[in-house]
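Descriptive structure summary
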Amino acid sequence: MQVFNFSAGPSALPDAVLEIAKEDLKSWGVTGSSIMEISHRSSTFTRMANRSVENLRTLLQIPSNYKILFMQGGATGQFSTIPLNLLQGKSNADYINTGIWSLKAIEEADRYCKVNIAADGSESDFEKIPDQEHWKLNPESAYVHYTSNETVNGIEYHWTPETGDVPLVADMSSQLLSRPVDVSKYGLIYASTQKNIGVSGITLVIIRDDLIGHAQKETPGFLDYQNISDSDSIYNTPPTLAWYLTNLVFEWMIQQGGVQEMEKINIIKAQKLYDVIDQSDFYKNNIDPSCRSRMNIPFTVGASDLDTQFLEDASKRKLIHLNGFRSAGGMRASLYNAVTENAVDELVTFMKDFEKNYG
Ligand SMILES: *Cc1c(COP(=O)(O)O)cnc(C)c1O
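What comes next concerns the included structure.

Notes on the site of the ligand
- Around the ligand, a shell composed of 14 residues is seen, among which Thr-76, Thr-151, Asp-171, Gln-194 and Lys-195 lie nearest.
- Taking Thr-76, its side chain carries an N or O atom lying 2.5 Å from an oxygen atom of the ligand.
- Looking at the shell around the ligand, the element that brings in the most residues is helix α3 (residues 74–86), giving four residues.
- Classifying every residue of the shell around the ligand by side-chain character gives three nonpolar, nine polar and two charged.

Details of the packing of aromatic side chains
- Applying the stated rule across the entire model yields 18 aromatic pairs.
- A ring pair is formed by Phe-79 and Tyr-190, whose centres lie 6.4 Å apart and whose planes are at 80 degrees; its orientation type is edge-to-face. One end of the pair, Phe-79, is in helix α3; the other, Tyr-190, is in strand β9 (residues 188–192), with 111 residues separating them in the sequence. Considered together, Phe-79 and Tyr-190 belong to a single accessibility category, that of buried residues.

Things to note about the pattern of salt bridges
- With the rule as written, the count across this model stands at 14 salt bridges.
- Ionic pairing is found between Lys-272 and Asp-345, a salt bridge with its closest N-O pair at 2.8 Å. One end of the pair, Lys-272, is in helix α7 (residues 258–278); the other, Asp-345, is in helix α9 (residues 341–358), and 73 residues separate them in sequence.
- For Lys-272, a relative accessible area of 27% corresponds to the partly exposed category.
- Given the relative accessible area of 31%, Asp-345 is considered partly exposed.
- Between Lys-316 and Asp-313 there is a salt bridge; the shortest N-O distance is 3.8 Å. On the criterion of helical spacing, the pair formed by Lys-316 and Asp-313 is a turn pair, its members being three residues apart in helix α8 (residues 307–316).

Describing the nonpolar core
- One finds Leu-56, Leu-60, Leu-176, Leu-177 and Ile-206 to be the most contacted residues of the largest nonpolar core, which totals 56 residues.
- For this core, the element with the most residues is helix α6 (residues 240–256), which contributes nine residues.
- Setting aside anything within four residues of it in sequence, one finds Leu-60 in contact with Leu-176, Leu-177, Arg-179, Val-181, Val-183, Ile-206 and Val-259.
- Core analysis: the second largest hydrophobic core is formed by 30 residues, Met-331, Leu-335, Ala-343 and Met-351 among them.

Each value, and the rule that gives it
- Residues numbered from 1 in each chain as written.
- Predicted model: local features only at pLDDT ≥ 70, side-chain atom pairs only at ≥ 80, totals over all residues.
- Heavy atoms only, no water.
- Near = heavy atom within 4 Å.
- Polar contact = N/O pair within 3.5 Å; in protein donor to acceptor, adjacent residues only side chain to side chain.
- Helix = DSSP H or I, 4+ residues; strand = E, 2+ residues; numbered from the N terminus.
- Nonpolar A, V, L, I, M, F, W, Y, C, P; charged D, E, K, R; others polar.
- Phe/Tyr/Trp six-rings, centres within 6.5 Å; stacked < 30°, edge-to-face > 60°.
- Buried < 20%, exposed > 50% of the residue type's maximum accessible area, 1.4 Å probe, protein only.
- Salt bridge = Lys/Arg side-chain N within 4 Å of Asp/Glu carboxyl O.
- Core = buried A, V, L, I, M, F, W, Y, C linked by side-chain atoms within 4.5 Å.
- Contact = heavy atoms within 4.5 Å.

What follows is the structure, encoded as structure tokens:
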């Protein structure tokens with residue numbers, strides 16, 4: 001590794017994955033050509049595609065009554081694809097507002113249905129997830145949508161909402177595969193892959209099969225879950241290179257011991273960073289400890305504006321992409337699966353040194 005990359009997305013890939021990709025780029029397996037240069041309908045590609053579905057099923061122990069779809073359009077595409085497919089004639093959907101990404105999902109859903117904001121984190125400046133006992137869920141809603149990890153705000157659910165018979169829908173773009181998840185509690189889980197899983201271009205959708213086949217009539221064909229499911233996600237030309245890279249990451253994770261092992265390391269990494277922040281008066285993270293994110297850790301530096309200095313000094317130590325989201329400011333370290341414990345150790349050492357110099 002040349003640098004320690006804390007980018008929020010697209011983000012670091014495991015070194016081992018990049019090495020394999022480099023080898024395969026010119027000539028992949030028996031094909032003699034690269035993955036980019038063969039048909040998505042060739043048996044070589046479809047074998048890889050089928051294996052990737054099995055790999056994800058293995059990683060998350062996904063029950064057999066769930067379908068795994070590889071779609072395009074990013075998580076943002078799902079913001080409209082979900083109401084188009086899941087409203088099933090109903091006019092209401094529940095949304096939990098915990099930050100920037102849930103707000104974007106709400107804005108988009110608002111085009112298609114009456115959005116009931118069943119719980120609103122803005123009342124606590126997005127520093128805390130509202131307790132489920134205060135949620136005002138509408139039993140007539142078609143589904144309940146929440147964002148399991150707010151990538152910008154740095155808030156993560158460490159529990160699963162209970163919604164009874166109403167399907168639970170989760171945007172797990174910056175959380176999926178960082179920890180185990182009980183898929184059977186969900187109607188639908190989605191994630192774009194450029195955060196914790198691979199590169200941009202693929203959106204994973206894990207959907208309970210009874211929720212497929214109810215798209216509104218005017219739904220574009222390529223956004224109808226039925227079409228994607230029936231075609232094993234090869235309805236039209238998929239981003240073949242991105243799909244292949246996603247599968248390499250799945251295989252890397254399985255070799256590493258799966259999501260259980262990922263979670264163990266992710267807990268240690270996040271704890272190391274939160275410890276430095278909490279043990280100083282110089283660094284601050286205001287998120288309630290019960291819902292601090294393991295994946296995205298925003299923090300501020302010093303009393304005055306030392307942001308630029310921090311970023312400059314950090315890059316001299318090869319610690320890069322630590323700037324916060326454009327509207328949020330401050331710093332943010334994203335500690336996805338591919339970010340090693342060693343990278344976090346380097347960051348923590350740097351932060352202590354920086355505080356000594358400027359604190
Ligand atoms: C990045 C992100 C998105 C947007 O993903 P795109 O692939 O850019 O559409 C949505 N939700 C969350 C939680 C994210 O982190």
